[in-house]
Every structure is written in structure tokens, then in C-alpha cells.
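# Residue-level structural notes
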Amino acid sequence: MTLSHIVAAAENDVIGVNNALPWDIPEDMKFFREKTKGKALIMGRKTFESVGHPLPQRLNVVVTRQKDYTFDAPNVVVKPDLKSAIEYCKTQTSKYGEEIFIIGGGEIFKESMGIVDMIYLTRIHKEYPGDIRYPKVDSKNFELVEQRDREEPVAFSFLTYIRKK
Ligand SMILES: NC(=O)c1ccc[n+]([C@@H]2O[C@H](COP(=O)([O-])OP(=O)(O)OC[C@H]3O[C@@H](n4cnc5c(N)ncnc54)[C@H](OP(=O)(O)O)[C@@H]3O)[C@@H](O)[C@H]2O)c1
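Calculation notes
- Residues numbered from 1 in each chain as written.
- Predicted model: local features only at pLDDT ≥ 70, side-chain atom pairs only at ≥ 80, totals over all residues.
- Heavy atoms only, no water.
- Salt bridge = Lys/Arg side-chain N within 4 Å of Asp/Glu carboxyl O.
- Helix = DSSP H or I, 4+ residues; strand = E, 2+ residues; numbered from the N terminus.
- Buried < 20%, exposed > 50% of the residue type's maximum accessible area, 1.4 Å probe, protein only.
- Near = heavy atom within 4 Å.
- Polar contact = N/O pair within 3.5 Å; in protein donor to acceptor, adjacent residues only side chain to side chain.
- Areas by Shrake-Rupley, 256 points an atom, 1.4 Å probe, with all protein chains shown as cover.
- Phe/Tyr/Trp six-rings, centres within 6.5 Å; stacked < 30°, edge-to-face > 60°.

Glancing now at the pattern of salt bridges. Per the stated rule, a full pass over the model turns up nine salt bridges. Linking Arg123 and Asp13 is a salt bridge whose minimum nitrogen-to-oxygen distance equals 2.9 Å. Of this pair, Arg123 sits in strand S7 (residues 118-124) while Asp13 sits in the loop between strand S1 (2-10) and strand S2 (14-16), and the two are 110 residues apart along the sequence. The same class applies to Arg123 and to Asp13, which are both buried.

What surrounds the ligand is a group of 28 residues, the closest being Arg45, Thr47, Thr64, Gln66 and Glu111. Taking Lys46, its main chain carries an N or O atom lying 3.4 Å from an oxygen atom of the ligand. Contact distances for the ligand include 2.9 Å between an oxygen atom and a backbone N or O atom of Glu107. Considering the ligand on its own, with 930 Å² of exposed area, one finds that the protein chains cover 90% of that surface. Elements supplying a minimum of two residues to the shell around the ligand: S1, S2, helix H2 (45-51) and helix H5 (106-112).

Bringing the packing of aromatic side chains into the picture now. Applying the stated rule across the entire model yields seven aromatic pairs. For the pair Phe31 and Tyr120, a centre-to-centre distance of 6.4 Å together with 65 degrees between the ring planes defines the contact as edge-to-face. Of this pair, Phe31 sits in helix H1 (residues 26-36) while Tyr120 sits in strand S7; the two residues are 89 residues apart in sequence, bridging distant segments of the chain. In this pair, the class of Phe31 matches that of Tyr120, namely buried. Ring centres of Phe31 and Phe158 lie 4.8 Å apart, and the angle between their planes is 40 degrees; on these two criteria the pair is classed as tilted. You can see Phe31 sitting in helix H1 and its partner Phe158 sitting in strand S10 (residues 156-163), a full 127 residues away along the chain. Across this residue pair, the class does not change: Phe31 and Phe158 are buried. The rings of Phe31, Phe101, Tyr120, Phe156 and Phe158 are connected pair by pair, giving a single aromatic cluster.

If you want it as C-alpha cells, here you go:
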């Protein structure tokens, strides 16, 4: 089992503003769709609500402290904490594969930074105003193993990090 973050962050680590994404980068959305298709995804309740609907053809595991939170859809499961969300996803690998994606937001990324094996970070080379940030990727713990640079509609790079052994 591999636990991965998939995230897009500005040069100043901003990932969100007013419960939305600060940018629109179609190639990054395409990357996200292709990478996560058919997989199990874990997300905070605010991210789930900001997307506005369950992501299709994926298992959507929503983490919330609200005991009465429900969402009626076959591919949505609600869990009371991150640990039980991960444990649940581990039971679903025969259907959704061995890689489990944590897709945000800020709170959930922060809580799981110490345990993820991989990070797919789209780094946008510009500063944005925002209220939610991604934690620093510590080079003591993570090695950059791939970088693909892009220029449109703004300069950005697809970065892949793997936790050092
Ligand atoms: N750029 C990106 O790649 C990216 C990706 C995802 C999201 N975002 C952005 O990030 C923002 C949302 O992030 P956020 O930090 O505000 O919220 P979030 O992490 O999406 O969700 C926070 C909520 O998750 C629940 N939660 C968090 N930790 C928990 C735990 N240990 N146990 C149980 N429940 C827990 C709580 O829900 P309850 O309040 O219901 O208890 C909490 O209020 C938005 O702006 C969104 O657009 C950006």
C-alpha cells in the first residue's frame, strides 16, 4: 500500500482561498483526473463540499468530526478521523488499487505529512493570496524524483517526491 498526497500549491504554499482553488490550470486538472481515476481518495469535509459532488469513478472517503454527517451515494464513505479513513481504504485495495490518495485540504494534508510515502506536487511558480497553505516539503524526509516544467497558462512544475528510507 502506498499513501500519497496529490496537491497543487503556489510558490508561497497557498492551496486555497475562500474554500476554492485560487487558479484554473486545465492540464493540472487533467493530471489529477488521470492519476486518481479508479482509486480511493481521502478528503476533509470542507474539500468534499467545495468540490460540490462526489468525484466519479473513485471511492470518496470524507473525514469529519460531525457524528451525524451523511452523504447518500454509493461511492461516498464518511469516517470520523484520518486513521479510520486510511484503515477503511486498506480494506478496499482489491477494488481500488494499492495507492491511496489524500487529496486535501490544508488540515488533512498537515495531519498526514508525517505518514505519506509520496507527494505529487504541482508547484505554481507564482504567489497567490489565500487562507490555506500546504506544509513545507522537508528535503530531509523527501527526495525529488521527477520534475516536468510547464509554461501555460502560468509557469508551473509537476514534481514527484518519495519519502527517503
Ligand atoms: N490546491 C489543492 O491541491 C487543494 C486540494 C484540496 C483542497 N484545497 C483547498 O483547501 C481548502 C480546504 O481546506 P481546509 O484545510 O479548509 O479543510 P479540509 O482539510 O478540506 O477539511 C477540514 C475538515 O475536515 C474534517 N477533519 C479534519 N481533520 C479531521 C480529523 N482528524 N478527524 C475528523 N475530521 C477531521 C473537519 O470536518 P468537520 O468540520 O465537518 O468536523 C474539518 O473541518 C479549500 O480552499 C480547497 O479549495 C486545495
